[in-house]
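Structural features, examined
Now for the letters of each chain:
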Amino acid sequence: MERPLAAPLFSLIIGLSCAGLYPCFLPRNILPSLLAVTLLTVFLKHRYPFLVSLTLLMFAAGNLLLEPYVQPRLTPDHIARFQSDEPVIVEGVIDSRPEATERGMKLYVRTEEVYREKRRTLVSGRLLLSVGEGRGGWMTGDRVRFASRIRMPRNYGLPGEFDFERYLAYKGIFATSFVKTPGEIILIREGVDYRLQRAVDVIADRIGTFIDRNVPGGEGAILRALIIGDMGYIARATRDAYSRTGVNHILSISGFHVGVISLFIFQILMGVAKRSEFLLLHFNLRRFILLLTLPLVIFYLFLSGAAPATTRSVIMIAVCILALLIERETDPVNSLLLAAAVILALTPPALFDISFQLSFLALWGIIVLTPLFMAPFTLREKSFTGKMLLFLMASAAATIATLLTVAYYFHRASATGLISNFFIVPLMGYGAVVLGFSALPFIVIAPPIAKLLLLAAAFLVKLSNMIIALLDTLPTLPVINPTRLDLLLFYLFLCSLTFIRNRRGRLACCCSLVVVLAGSAAIPADRDAGKLAITFFSIGQGDSILVNFPDGKKMLVDGGGKPGDTGWDTGERLLAPALWKMGITRIDYMVLTHPDTDHLQGLKYVAANFKVGEFWTGRNFPESPEFLKLLTILRGRGVPVRFVNAAAGPISIGETRVEPLSPPDGTVPPPSGNHQELNDDSLVFRLVAGRSAVLFTGDIGSETEERLVLHPERLRCTILKIPHHGSRYSSSPEFLRAAAPEIAVVSAGYKNSYHLPTQETLGRLQALGIQLFRTDLDGTIRVICGGSGENVSVEKWGGHFH
């Protein structure tokens, strides 16, 4: 067979995919049976029974290999069993290299003991310990102790969100904890375990320290990423700029970096060896130097953190070297398949790692698509123009091969990479990477030379940053939201180009897939057309609600947020991805009920990155700096600002009527800035569509409720957004009886420190027989009303019931 690994590898991938997407698992005793059948078919004359049985065996293996991660059987002493609202003292050993984040660190701890109520209990299992601000000097193998609450990893329950639960599960982590500063972690003893990995990590740490000391600032942070794979020091704005311009791959060590370094090592060693007459006479230098290069490349693999993309490249290099040693030709596709098979056999969850997917797709595209793109220019390949053209075609092939996958995960894609790669790859890849790697041996033997090399690399990084800043002004591609079906069709297209040898069959198959893919993209995605749909986003302790009007207009009421300068932008991390996933790029009416952080913060990112028709709010809040920042963004983009209050009267949006109920007028609130006064100044309004009505209440308290109850007919609604996240100072019995909703929704964070919604509010709702939904337990909640306001239905997205 020309590519014998293709069928078993794809069977393994299908088995892993089915287990990851639809967690249903085969009985474990099926594996020995399939293995026995496969071994027996080896002796048959025809090969097809063997291929069929092998395919079934690999599918079953893929399905069952993922079971411990998706449906773990945690032991009674597992650290996840100790989750509690009260802190406990945990002791354990750091079992992998600590990861820097933009402000703090992440430590992966193999737990050993828990101290609770003066009792010591032996425990097991890995735990993710996050440090909020600051970085410590811990290493792999250090035993540490800290006091923290144990939590179970939990998603918000949002469309388009990163699956944090599954991400940690694939790392074997089912419990998390948090400390604010490094000072809360006690180092018990250094280097008690993982000595080999610790030795490599110590070398990486010394290199990073040397870079920090000699190349401070943004350039030094990028050099840390390029040389030792530590991206945690790069500012988020820089990473985003590289991502928007399509060259984010250059910042994380991948196959490209390993290939460049391998070639550099080979050329250096070859140049030195050629000066030895003894070596020239007694060795086949090419083979000898290739073999000598491999251990150095493997060492660099572990020095840089052994990411899946790097591992894939090292495996492919090893395969090529082995083939040359035994005088066998190498097929790049076979090498790619072998690398994938080895990685997935050793670490099955790697299939779901984004860097693994993008790395393999990019190389697959380069191998398969580049020759097709270059076919009309074969006569020019050896000229300088031809080489530049080849570089462009390879870049285009990698961009096209990863385009849909990038859009699926990040909801945005860029074609700027075709331009960016021309400048950034030579500057960073062949320039900064080579210079930075060259500096490594001199850090020990000649630090001044190492410093000069690093400064030269930093200069190239600075040039790269300047080019990125310029290219970042170019527009990105329109937002596209491919489905899993779209991804499958595209992967089948690549398979057809790669594995179908018959030209007519390949052409027919590819054309059919393109037609189906185009048809899938042409199908309208708005399933709420003609209906009033209200989506209560689960974004933690905050409010954000999307209204889809029957005529297709969109209204966003509040944007959620986290108080304090935490570096976490709810709009960027949660709200915008959810909107993009829903296919929304324009907000016709952006509404702010009041300027509390948990309502306003997320609107700033949306205002800067989405088209906004109008901005509504009840009052002007000149004493709020965040409110003024939001107004600056909106006015800078030419968005009209409209103050909506009870004095303004009803507003029609298609056949839906918006009835503002509070504040009474648009006068400036009292200068005291009292928090409760701001809450009571929230914009309150009712949406009326046919027989259904939705009442939005912001964070109003008892004072505003008492005023609104004076006109109970204005409060009558089908769906009520519970005021102030279910605080005991709101949702009075009189207010609830006047509104008389069938459905009530509370927006609150899971196990929030305010203990909202309160038992008092929950009791009132239960006493009146109002059906309650909560974002903290149910995830994102969608309430859909038919065209005439009838047939109200409720959907949950990613609910959790603990």
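Residues numbered from 1 in each chain as written. Predicted model: local features only at pLDDT ≥ 70, side-chain atom pairs only at ≥ 80, totals over all residues. Heavy atoms only, no water.

**Notes on the sheet that holds strand S12 (residues 586–592)**
Cut-off, in case you're wondering: The rule for pairing is simple: two strands pair if DSSP sees at least two bridges between them. A run of H or I in DSSP becomes a helix once it reaches four residues, and a run of E becomes a strand once it reaches two; helices and strands are each numbered from the N terminus. Lines are fitted to the C-alpha atoms to define the axes, a helix being fitted only along its stretch in contact, and any angle between axes, read from their N-to-C directions, falls within 0 to 180 degrees. Any two residues having at least one pair of non-hydrogen atoms within 4.5 Å are treated as being in contact.
Strands sit in the order S14-S13-S12-S11-S10-S9-S22-S23 across an open sheet of 8 strands; the sheet is mixed. A strand with exactly one partner marks an edge of an open sheet, and here the two such strands are strand S14 (641–643) and strand S23 (793–797). Between one strand axis and the next, the sheet turns by 20° as a mean value, whatever way the strands run. In this sheet, S23 lies alongside strand S22 (residues 780–785) in antiparallel orientation, the contact comprising 5 bridges. Within S23, the position partnered with threonine 780 by the bridge is tryptophan 797. In this fold helix H22 (residues 597–609) packs onto strand S11 (554–557), S12 and strand S13 (611–617), with an angle of close to 155° to the strand it touches most, S12.

**Observations regarding the side chain of asparagine 155**
Here is the rule: To sort residues, take the accessible area from a 1.4 Å probe on protein chains only and compare it with the maximum for the residue type: under 20% means buried, over 50% means exposed, and anything in between is partly exposed. Pairing of N or O atoms within 3.5 Å defines a polar contact, subject to two protein rules: one partner must be a possible hydrogen donor and the other a possible acceptor, and residues neighboring in sequence count only if both atoms are side-chain atoms.
Structurally, the position occupied by asparagine 155 is in the loop between strand S6 (143–148) and helix H5 (164–169). Judged by relative accessible area, which is 12%, asparagine 155 ranks as buried. Within the local environment of asparagine 155, its side chain forms a polar contact with the side chain of aspartate 163, the two groups lying 2.8 Å apart. In terms of polar contacts, asparagine 155 uses its side chain to reach the backbone amide nitrogen of phenylalanine 164, at 2.9 Å.

**Thoughts on the pairing of strand S4 (residues 119–122)**
Note: strand S3 (residues 105–116) against S4, 4 bridges, orientation antiparallel. Within the sheet, the bridge partner assigned to arginine 116 lies in S4 and is arginine 119. Adjacent in sequence and paired antiparallel, S3 and S4 are bridged by 2 residues, among which glutamate 117 carries a positive phi angle near 55°.

**Some details on the packing of aromatic side chains**
Test applied: Planes of paired rings set the category: under 30 degrees apart is stacked, over 60 is edge-to-face and the rest tilted, where pairs are Phe, Tyr or Trp rings (Trp by its six-membered ring) whose centres lie within 6.5 Å. A ring is considered to have a charge above it if a Lys NZ or an Arg CZ atom is located within 6 Å of its centre and within 35 degrees of its normal.
Using the criterion set out here, one finds 15 aromatic pairs in the structure. Taken together, a centroid distance of 5.1 Å and an interplanar angle of 20° make the contact between tyrosine 170 and phenylalanine 352 stacked. Of the two residues, tyrosine 170 is situated in the loop between H5 and strand S7 (173–179) and phenylalanine 352 in the loop between helix H13 (332–346) and helix H14 (354–374); the sequence distance between them amounts to 182 residues. Residue class for tyrosine 170 comes out buried when judged on its relative accessible area of 14%. On the accessibility criterion, phenylalanine 352 (22% relative accessible area) is partly exposed. Look at tyrosine 589 and tryptophan 616: their rings are 5.2 Å apart centre to centre, the planes differ by 55°, and that puts the pair in the tilted class. On the criterion of sequence distance, the pair formed by tyrosine 589 in strand S12 and tryptophan 616 in strand S13 is long-range, its members being 27 residues apart. By relative accessible area, tyrosine 589 is classed as buried at 12%. The class of tryptophan 616 is buried, set by a relative accessible area of 1%. Members of the aromatic cluster, joined through ring pairs, are Tyr69, Tyr170 and Phe352. Geometry around tyrosine 233 places arginine 135 over its ring, the cationic atom sitting 4.1 Å from the centre.

**Notes on helix H18 (residues 447–471)**
Given 3.6 residues to a turn, an α-helix orients residues that are three or four positions apart in the same direction. To keep it simple, the criterion reads: Expected span of a helix: the number of residues minus one, times 1.5 Å.
For H18, which comprises 25 residues, the first-to-last C-alpha distance of 36 Å matches the rise-based estimate of 36 Å (1.5 Å per residue) to within 8%. Within the span of H18, buried status applies to Ala450, Leu453, Leu454, Ala457, Ala458, Leu460, Val461, Ser464, Ile468 and Leu471. Those residues of H18 that are buried lie in contact with helix H6 (195–214), helix H7 (218–228), helix H8 (236–244), helix H16 (417–439) and helix H17 (442–445).

**Quick word on the nonpolar core**
For clarity, the threshold we go by: Residues belong to one nonpolar core when they are buried, are Ala, Val, Leu, Ile, Met, Phe, Trp, Tyr or Cys, and are joined through side-chain atoms within 4.5 Å.
Membership of the largest hydrophobic core comes to 54 residues, with the highest contact counts inside it found for Leu223, Tyr242 and Met428. Among the elements of the structure, H6, H7, H8, helix H9 (255–273), helix H11 (285–303), helix H12 (308–325), H16 and H18 are those that each provide at least two residues to this core. Phe25, Met316, Phe356 and Leu487 belong to the second largest nonpolar core, which has 39 residues in total.

**Structural notes on the packing of H9 against H16**
Our working rule: An angle below 35 degrees is treated as roughly parallel, one above 145 as roughly antiparallel, one from 65 to 115 as roughly perpendicular, and anything else as oblique. Less than a right angle of anticlockwise turn of the near helix away from the far helix marks a crossing as left-handed, whereas a clockwise turn marks it as right-handed. Any residue outside Ala, Val, Leu, Ile, Met, Phe, Trp, Tyr, Cys, Pro, Asp, Glu, Lys and Arg is labelled polar, Gly included; the first ten of those are nonpolar and the last four are charged.
Remark: H9 packs on H16, axes separated minimally by 10 Å, with the N-to-C direction vectors making an angle of 55°. Overall, the two elements H9 and H16 adopt an arrangement that is oblique. Like other packed secondary-structure pairs, H9 and H16 cross with a definite hand, here right-handed. Touching Phe256, His257, Val260, Ile261, Phe264 and Ile265 of H9 are Val425, Gly429, Tyr430, Val433, Val434, Phe437 and Ser438, all from H16. Of the residues belonging to the contact of H9 with H16, the class tally is 10 nonpolar, 3 polar and no charged.

**Observations regarding the sheet that holds strand S16 (residues 656–662)**
One open sheet accounts for 7 strands, arranged S15-S16-S17-S18-S19-S20-S21; its pairing is mixed. Of all the strands in the sheet, the pair left with one neighbour each is strand S15 (651–653) and strand S21 (771–774). Across the sheet, the mean angle separating the axes of adjacent strands is 20° when strand polarity is ignored. Bridging between S15 and S16 involves 3 bridges; their strand directions are antiparallel. Across the sheet, the residue bridging to serine 652 is arginine 657, located in S16.

**Describing the pattern of salt bridges**
Any two side chains of opposite charge can pair, on the condition that their charged atoms come close. Convention followed: The salt bridge definition used is simple: a Lys or Arg side-chain nitrogen within 4 Å of an Asp or Glu carboxyl oxygen.
The final tally for this structure, using the stated rule, is 28 salt bridges. With a shortest N-O distance of 2.9 Å, glutamate 112 and arginine 110 are connected by a salt bridge. On the accessibility criterion, arginine 110 (26% relative accessible area) is partly exposed. Of the charged contacts, one joins aspartate 776 and arginine 774 as a salt bridge, the two residues approaching to 2.7 Å between their closest N and O atoms. A relative accessible area of 4% places aspartate 776 in the buried class. The network of salt bridges with common partners includes Glu91, Arg110, Glu112, Arg143, Arg145 and Asp193.

**Thoughts on the pairing of strand S5 (residues 126–131)**
Bridging between S3 and S5 involves 6 bridges; their strand directions are antiparallel. Considered in S5, the bridge of valine 109 is made with leucine 127.

**Comments concerning the environment of serine 544**
Looking at the element boundaries, serine 544 is found in the loop between strand S9 (532–536) and strand S10 (545–548). By relative accessible area, serine 544 is classed as buried at 0%. Along the chain, serine 544 and glycine 560 lie 16 residues apart, while their C-alpha atoms are 5.4 Å from each other. Within polar-contact distance, the side chain of serine 544 engages the backbone oxygen of aspartate 558 at 2.9 Å.

**Digging into a negative patch on the surface**
Note the threshold: Candidates for patches are residues over 30% relative accessible area with no salt bridge; among them, like charges are joined within 9 Å and nonpolar side chains (Val, Leu, Ile, Met, Phe, Trp, Tyr) within 5 Å. What sets the accessible areas is the Shrake-Rupley method with a 1.4 Å probe; for residues, cover comes only from the shown protein chains. His is not counted, nor are the chain ends, whereas Lys and Arg count as positive and Asp and Glu as negative. Every charge is mapped to an atom, namely NZ of Lys, CZ of Arg, CG of Asp or CD of Glu.
Residues Glu677, Glu703, Glu706 and Glu734 make up a contiguous surface patch of negative charge. Here glutamate 734 lies in helix H26 (residues 733–739).

Nothing here speaks to function; it is all geometry.
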